[in-house]
Amino acid sequence: MAKKILIINGPNLNLLGVREPGVYGAESFDDYLPRLRREVPEAEISYFQSNHEGELLDCIQKEGFRQDGIVLNAGAYTHTSIALHDAIKAIPAPVIELHISNVFQREAFRHHSMISPACRGVVCGLGLDGYRLATLALLRL
Ligand code: DQA
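The shown structure was predicted, so the numbers you read here are calculated from the model rather than taken from an experiment.

Asks: Quick question: what am I supposed to make of the site of the ligand here?
Replies: Lining the immediate environment of the ligand, one finds Arg19, Tyr24, Asn73, Gly75, Ala76, His79, His99, Ile100, Ser101, Val103 and Arg110. Taking Asn73, its side chain carries an N or O atom lying 2.8 Å from an oxygen atom of the ligand. With respect to the ligand, the backbone of Ile100 contributes an N or O atom lying 2.8 Å from an oxygen atom. When the ligand is considered free in solution it has 320 Å² of accessible area, and contact with the protein chains removes 99% of it. Taken atom by atom, the bulk of the ligand overlaps the largest pocket. Of the residues belonging to the shell around the ligand, the class tally is four nonpolar, five polar and two charged.

See below:
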């Protein structure tokens, strides 16, 4: 049976393809998602995006008990949210933290993650292909 993998994108990631294309690329997530599904057919991939911290928390709390794994790009909440850290720790599904850009090549305020200690692993700086790599990693856990 296919493993259920949920991708969660946080604030401003609805603007992928439009937002700072030099940093995040020129492709929207809606364009990328069908390709990801084709590239990893052994995963049943669902997708959620929100700009609101509370909605991300609600999603993690609900889906964290019925998914086999979660790929989480928490956007800027990565660097601020103890609540996301706590939600990740509260659920059984393993969570991989993902960043499209290499946050360590960027401003110092992006160098610290509040959620890394709660996550199973981190994929960072590999562009949209990081979602494929994180999904494959979750399938093998
Ligand atoms: C990001 C990096 C964060 O620092 C930033 O706030 C984002 C996107 C990334 O995917 O590279 O919104 O998570």
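Asks: Please clarify how the layout of surface pockets should be interpreted in this entry.
Replies: Where empty space is left in the structure can be found by rolling a water-sized probe over the atoms. Of the volumes computed, that of the largest pocket is approximately 180 Å³. What lines the largest pocket is a set of 15 residues, and nearest its centre among them are Arg19, Tyr24, Gly75, Ala76 and Arg110. Considering only residue class, the lining of the largest pocket consists of six nonpolar, six polar and three charged.

Asks: How do you make sense of the pattern of salt bridges when you look at a structure like this?
Replies: Close approach of charged atoms allows side chains of opposite charge to pair. Overall, the coordinates contain six salt bridges when judged by the stated rule. A salt bridge links Glu107 to Arg110, with the nearest nitrogen and oxygen atoms 2.7 Å apart. Judged by its relative accessible area of 36%, Glu107 falls in the partly exposed class. Residue classification places Arg110 among the buried positions, given a relative accessible area of 16%. Note that Arg132 is salt-bridged to Asp129, the shortest N-O span being 2.8 Å. With Arg132 and Asp129 both in helix H5 (residues 129-139) and three residues apart, the pair spans about one turn of that helix. Under the relative-accessibility criterion, Arg132 is labelled partly exposed at 23%. Judged by relative accessible area, which is 31%, Asp129 ranks as partly exposed. Where salt bridges share partners, they join Glu39, Asp129 and Arg132 into one cluster.

Definitions and cut-offs
- Residues numbered from 1 in each chain as written.
- Predicted model: local features only at pLDDT ≥ 70, side-chain atom pairs only at ≥ 80, totals over all residues.
- Heavy atoms only, no water.
- Near = heavy atom within 4 Å.
- Polar contact = N/O pair within 3.5 Å; in protein donor to acceptor, adjacent residues only side chain to side chain.
- Areas by Shrake-Rupley, 256 points an atom, 1.4 Å probe, with all protein chains shown as cover.
- 1 Å grid on protein atoms, 1.4 Å probe; cavity = no way out; pocket = protein on both sides within 12 Å on 5 of 7 lines; lining within 4 Å.
- Sits in = over half its atoms within 2 Å of the grid points.
- Nonpolar A, V, L, I, M, F, W, Y, C, P; charged D, E, K, R; others polar.
- Points joined across faces, edges and corners; volume = space filled by probe spheres on them.
- Salt bridge = Lys/Arg side-chain N within 4 Å of Asp/Glu carboxyl O.
- Buried < 20%, exposed > 50% of the residue type's maximum accessible area, 1.4 Å probe, protein only.
- Helix = DSSP H or I, 4+ residues; strand = E, 2+ residues; numbered from the N terminus.

Geometric descriptors of this kind do not, in isolation, establish any biological role.
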